[in-house]
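Tertiary structure, described
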Amino acid sequence: MGKYILKRLAMTIVTIWAIITITFVLMHSVPGNPFANENKNIPEVVYQNLMKKYGLDKPLSEQYGIYLKNIARGNFGESMKSNVETVNEMIARGFPVSASLGAQALLIALIFGPALGAIAALHQNKVPDYISMIISIIGVSVPSFVMGSFLIQFVARNVGWIPIGGWGEWRHTILPSIALALMPLAEMSRLMRSSMLEVMGQDYIKTAKSKGLSNTIVILKHAVRNAILPIVSMLGTTVSNLLVGSFVIEKIFGIPGLGMFFTNSIYNRDYTLIMGVTVFYAVILIIMLLIVDIAYMLIDPKIRLTEEGH
Amino acid sequence: MRRKSILFLSMALVVAMLFTACSTTTSKEGKKILRSNNSSEPGTLDPALAQGTHESWVLENVFEGLMTFDEKGELVKGMAEDYKISDDGLTYTFTIRDGAKWSNGDPVTAEDFEFTWKRALDPEMAANYATILYYIKGGEAYNTGKGSRDDVQVKALDERTLEVTLEFPTAYFLELTAFYTYFPVNKKVVESNPDWAKKPDTHISNGPFKLVKWDHNAKLVLEKNDLYYNAKKIKLDGIDLDIIEDQNTAWQKYDGGEYDLLTDLPTSVVNQLQTEGNKELSIGAQVGTYYYNINPDVKPLNNAKVRKSLSMALDRETIVKDITQGGQMAAEGVVPYGLMDEKGKEFREGAGNLIEYNPEKAKGLLEEGLKEEGMTIQDFNNANIVLLYNTSESHKKIAQAAQEMWRTNLGVEIGLENVEFQVKLDREQSGDYDISRAGWIGDFMDPMTMIELWWSDSAFNDAKYNNPKYDKLLLEAKTTMDQKVRMGNFREAEKMLMEDMPVIPVYFYTQPYVQKSNVEGIVKVPIRYPVITYADIK
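Predicted model only: the values in this text are computed from it and were never measured.

**Remarks on the overall build of chain B**
Scanning chain B from N- to C-terminus turns up 18 helices and 19 strands. Since a compact globule built from 538 residues should have a radius of gyration of about 24 Å, the 26 Å found for chain B is in line with a globular shape. Taken over the C-alpha atoms alone, chain B extends approximately 85 × 80 × 40 Å along its principal axes. By residue count, 48% of the 538 residues in chain B fall in the buried class.

As structure tokens, then:
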């Protein structure tokens, strides 16, 4: 196990280096520059001064070297659009906001998603199955901006204590959490339903039942534990997506999270911020995948990571 | 047992929610706070580095220049108690107001102004808006690295006397001193703490309000500055600005009663409010023109008659009425409404409508123009002329309408291409386009703010217009204080421009905003966002 984790860590560093390099090259090959403004182009001299200020006047290879050096020290650099915060500060401020919202959404999805799927599977082709199906279809197919606007229009506008948008108190997180949770909730419920159906048809369930175990024990102890494995494996990406925030949800609800930076930084060609959030996201994703793999190993005794040639 | 605990839990939750609901409604009682939205996070609150309305709306409330706009929207003395202009119009001597103070209690001095302007011109600052200080003699040279700081002709003669010498006798210089790049900063504070503008507690300003809270991407809180010399004129105790980028959400918050005033409205909302005659809506004036650049290097667009025929075939009334629907006005030239001429009347009215909609005549002009180029309509269509615009729903609708008008009125096929904003800028600068969408918002209230765009050397002249006669008219207007000569030249220049048609103006921007019926004292200065400084809530 220790050897496995060490190996994974080494791989991680290589992966992150590759991500940095690819993003760096792609970012600089797209036309545009960070200093263009909505309807004012800036004079050449000022532009040159700005390029110098942010070190963009140096050859790309040199910029790349400087960037790698800084990032090794954990310094993402100065944002090219904000004179107020560095990229580190922006991430340090945005991430807790997005992460807390994501955690709430994850909680909602984890409580209701698998439960809904399991209930649907146990009542296949009956009313609960159809209800779960409808919820899942809405969750998967209604884009989050529609769901967000819908919640604002019909819930926030009618329920006095739920604010329409903005940030500051716990009340502000209710609607965005629901909007964020819907998609993973629906995915989990569909996944749970199909894997549950498969498990329920297995011989060991029949055996358990024939041993005279009560239905509840069979479902909770034997069926759910096996059926939940696919959900655990999807958690890695789901959790990291939820933690770093969603551009659409954050924009609609006016939430000062990390999600907005992903799109805005590219639109603004804020090079340092693009790199910062990309690398940060990559690190989160890799860590989550590692945790999931370890969790998988603990839940499923069939997988033994140390014996590689199983 | 289990059921009971669930019941208890849900009750506790309800009670907790009731408490939170109560606390928010009572906390602000007794204080007059104007609540609104600032459409995006300011990149800075240092006036020298600011570059857009998302910054200036805040800055205009927390800082004040030598001149300022009063509650009627008129330009009046601000930090300046008095000023003298030399006979040649080149030297301005300002006397700083006695008793003018910074929010930390320091007196505002002439030295602060000298320091501020030189600081903004410092090439090391790389301030985007430094060009607006080029009117000061030696300013351009210093900013471009050709001159020294000491040669910038702004000097504090004593604590309260500031002398400025200009490059040209600039008729609108007084108004420029009310522009945010000219706002003073506190020399002592800035020199001792370069990061002063980053945090509310070190953000020292001299205006009617001061910054007390800044939650990035979420909220800005301004509080009345009691040290402001004119504090008795300020009726609000504070201003709360959310930072919400989504126009629809901001509108819902206004409509749901969470804001008292809102600008940057969704187009559909403006249209709806206008149709129902809603009294909360005002269509504020704005100095800005939406236009199409034409690349003169592309055949047959090199021919003025062809360009004019394209302009003449556009039914602008239909575009503003049925497509943009935000209260915009059909363009009548490049200079929009809201700018005054030598008689104090609308410049636009004096200059007249220089743009004609006439499909018949347009068709004739096109044929003539094409003949001169030795081309036919068929050749025009084979040239695959494309209209380039940056991806946005409204630009797309306007482009589609223009495409259709050109097709039906002229029989020409013009393609559409949308690209990301940055890509569009890049292609315009490298001349890689046929026709491209553009817009310009003026910085000061003089026709010069629009006319100078097509000066042959202008950095903003994407249509690469180059007409020595035009340049001569502009130069003359730049070097005289005689408003009659200046305005006469502008009228002539604009006419010339509309004859040559290097750009096709489409409409004049407006700035719709809404305010609740209990909000009073909002004025709209054409070059500014609605001025909320003197607002009152009844």
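**Here's the deal with the overall build of chain A**
Each helix and strand in chain A was counted, giving 13 helices and 0 strands. Reading the helices (α) and strands (β) of chain A from amino to carboxyl end gives α-α-α-α-α-α-α-α-α-α-α-α-α. Projected onto the principal axes, the alpha-carbon positions of chain A cover approximately 85 × 60 × 30 Å. The burial tally for chain A puts 37% of its 310 residues in the buried class.

**Observations concerning the pairing of strand 1 (residues 33-37) of chain B**
Residues and elements named next belong to chain B. Counting buried positions along strand 1 yields 4 of 5 residues, so the element is predominantly enclosed. Note: strand 1 against strand 10 (residues 238-242), 5 bridges, orientation parallel. Its bridge partner being in strand 10, S36 is matched across the sheet by L241.

**Overview of the packing of helix 5 (residues 127-141) of chain A against helix 7 (residues 174-200) of chain A**
All names here are of chain A. Remark: helix 5 packs on helix 7, axes separated minimally by 8 Å, with the N-to-C direction vectors making an angle of 135 degrees. Between helix 5 and helix 7, the crossing angle belongs to the class labelled oblique. The element helix 5 and its partner helix 7 pack so that their crossing is left-handed. Residues S132, I135, S136, G139 and V140 of helix 5 form the contact with helix 7, whose participating residues are L182, M183, L185, A186, E187, S189, R190 and R193. Each residue belonging to the contact of helix 5 with helix 7 can be placed in one class, and the counts come to 6 nonpolar, 4 polar and 3 charged.

**What to know about the confidence of the model for chain A**
The pLDDT averaged across chain A works out to 87; a share of 94% of its residues lies at or above 70. Across chain A, the secondary-structure element scoring lowest on mean pLDDT is helix 2 (residues 44-53) of chain A, at 81, and the one scoring highest is helix 4 (residues 87-122) of chain A, at 93.

**A short note on the environment of Y281 of chain A**
Within the element layout of this structure, Y281 of chain A appears in helix 13 (residues 271-299). Through-space distance from the C-alpha of Y281 of chain A to that of S240 of chain A is 7.6 Å; in sequence the pair is 41 residues apart.

**With respect to the environment of I152 of chain A**
By the secondary structure assignment, I152 of chain A is in helix 6 (residues 144-156). According to the C-beta neighbour criterion, I152 of chain A is buried, with 25 such atoms within 10 Å. Between the C-alpha atom of I152 of chain A and that of L175 of chain A, which follows or precedes it by 23 residues, the distance is 7.8 Å. Discounting chain neighbours no more than four positions away, the residues touching I152 of chain A are R157, I164 and G165 of chain A together with T249 and Q252 of chain B.

**With respect to the sheet that holds strand 10 of chain B**
Residues and elements named next belong to chain B. Taken in spatial order, the 4 strands make up an open sheet running 1-10-9-8, and their pairing is mixed. The sheet is open, and its two edges are formed by strand 1 and strand 8 (209-215), each paired on a single side. Averaged over neighbouring strand pairs, the angle between their axes works out to 15 degrees when direction is ignored. The pairing of strand 8 with strand 9 (residues 219-224) spans 6 bridges and is antiparallel.

**As for the interface of chain A and chain B**
Counting residues at the interface gives 39 residues for chain A and 40 residues for chain B. Every element with two or more residues in the side of chain A that touches chain B is listed here: helix 2, helix 6 and helix 11 (247-253) of chain A. Looking at the side of chain A that touches chain B residue by residue, the classes come out as 16 nonpolar, 12 polar and 11 charged.

**Points about helix 12 (residues 359-372) of chain B**
Residues and elements named next belong to chain B. Between the first and last C-alpha of helix 12 there are 20 Å, a value that for 14 residues agrees with the 20 Å anticipated at 1.5 Å per step. Those residues of helix 12 not exposed but buried are A362, L365, L366, G369 and L370. For helix 12, the angular spread of buried residues about the axis comes to 130 degrees, placing them on one side. Opposite the buried face of helix 12, by more than 90 degrees, sit the exposed residues E360 and K371. Of the surrounding elements, those touching the buried residues of helix 12 are helix 9 (304-312), helix 13 (377-382) and helix 14 (393-410).

**Thoughts on the nonpolar core**
Residues L261, L262, I504 and V506 of chain B are the most contacted members of the largest nonpolar core, which totals 212 residues. When residues of this core are assigned to their parent elements, the largest contribution, 14 residues, is made by helix 7 of chain A. In this view, V506 of chain B contacts Y290, Y291, Y292, L314, R316, I319, A331 and I398 of chain B; residues no more than four positions away in its chain are not counted.

**Description of the sheet that holds strand 4 (residues 80-85) of chain B**
Sheet strands pair via backbone hydrogen bonds, and the direction of the pair is either parallel or antiparallel. Residues and elements named next belong to chain B. Read across the open sheet, the 4 strands follow the order 4-5-7-6; overall the sheet is antiparallel. With partners counted over all chains shown, the strands left at the sheet margins are strand 4 and strand 6 (154-158), one partner each. Neighbour-to-neighbour, the strand axes of the sheet open up by a mean angle of 20 degrees, direction not taken into account. As paired elements, strand 6 and strand 7 (residues 161-165) share 4 bridges and run antiparallel to each other. Bridge pairing in strand 7 links A156 to L162.

**Here we look at unusual backbone geometry**
For the bond from K299 of chain B to P300 of chain B, the omega torsion is 0 degrees, close enough to zero to count as cis. By the secondary structure assignment, P300 of chain B is in the loop between strand 12 (281-294) and helix 9. Residue N125 of chain A is not a glycine yet carries a positive backbone phi of 60 degrees. Following the sequence through the fold, N125 of chain A ends up in the loop between helix 4 and helix 5. Its 7 C-beta neighbours within 10 Å are what place N125 of chain A among the exposed residues.

**Some words on the packing of helix 4 of chain A against helix 10 (residues 229-244) of chain A**
Residues and elements named next belong to chain A. Direction vectors running N to C along helix 4 and helix 10 enclose 150 degrees, while the axes themselves pass 7 Å from each other. Put simply, helix 4 runs roughly antiparallel to helix 10. In this structure, helix 4 meets helix 10 at a crossing whose hand is right-handed. Between helix 4 and helix 10, the residues in contact are S98, A99, G102, A105, L106 and P114 and I231, V239, L242, L243 and V244, respectively.

**Looking at the environment of P336 of chain B**
Residue and element names in this part refer to chain B. Position of P336 relative to the elements: it lies in the loop between strand 13 (329-330) and helix 11 (347-351). P336 sits in the buried class, given 30 other C-beta atoms within 10 Å. Put simply, P336 and R348 are 12 residues apart on the chain and 6.6 Å apart in space, counted from C-alpha to C-alpha.

**Observations regarding the confidence of the model for chain B**
All names here are of chain B. For chain B, per-residue confidence averages 91 on the pLDDT scale, and 95% of positions sit at 70 or higher. In this model residues 1-27 is a low-confidence stretch, pLDDT under 50, and it forms 6 contacts with partners more than four residues away in sequence or in other chains. Complex prediction metrics read pTM 0.86 and ipTM 0.84.

Calculation criteria
Residues numbered from 1 in each chain as written. Chains lettered and ligands numbered in written order. Predicted model: local features only at pLDDT ≥ 70, side-chain atom pairs only at ≥ 80, totals over all residues. Helix = DSSP H or I, 4+ residues; strand = E, 2+ residues; numbered from the N terminus. Rg over C-alpha atoms; globule rule 2.2 N^0.38 Å. Buried ≥ 20, exposed ≤ 12 C-beta atoms within 10 Å, placed from the backbone. Pairing = 2+ DSSP bridges. Axes fitted to C-alpha atoms, helices over the stretch in contact; angles between N-to-C directions. Parallel < 35°, antiparallel > 145°, perpendicular 65-115°, else oblique. Left-handed = near helix turned anticlockwise from the far one by under 90°. Contact = placed C-beta atoms within 7 Å. Nonpolar A, V, L, I, M, F, W, Y, C, P; charged D, E, K, R; others polar. pLDDT = per-residue confidence, 0-100. Expected span 1.5 Å × (residues − 1). Arc of directions from axis to C-beta. Core = buried A, V, L, I, M, F, W, Y, C linked by C-beta atoms within 7 Å.

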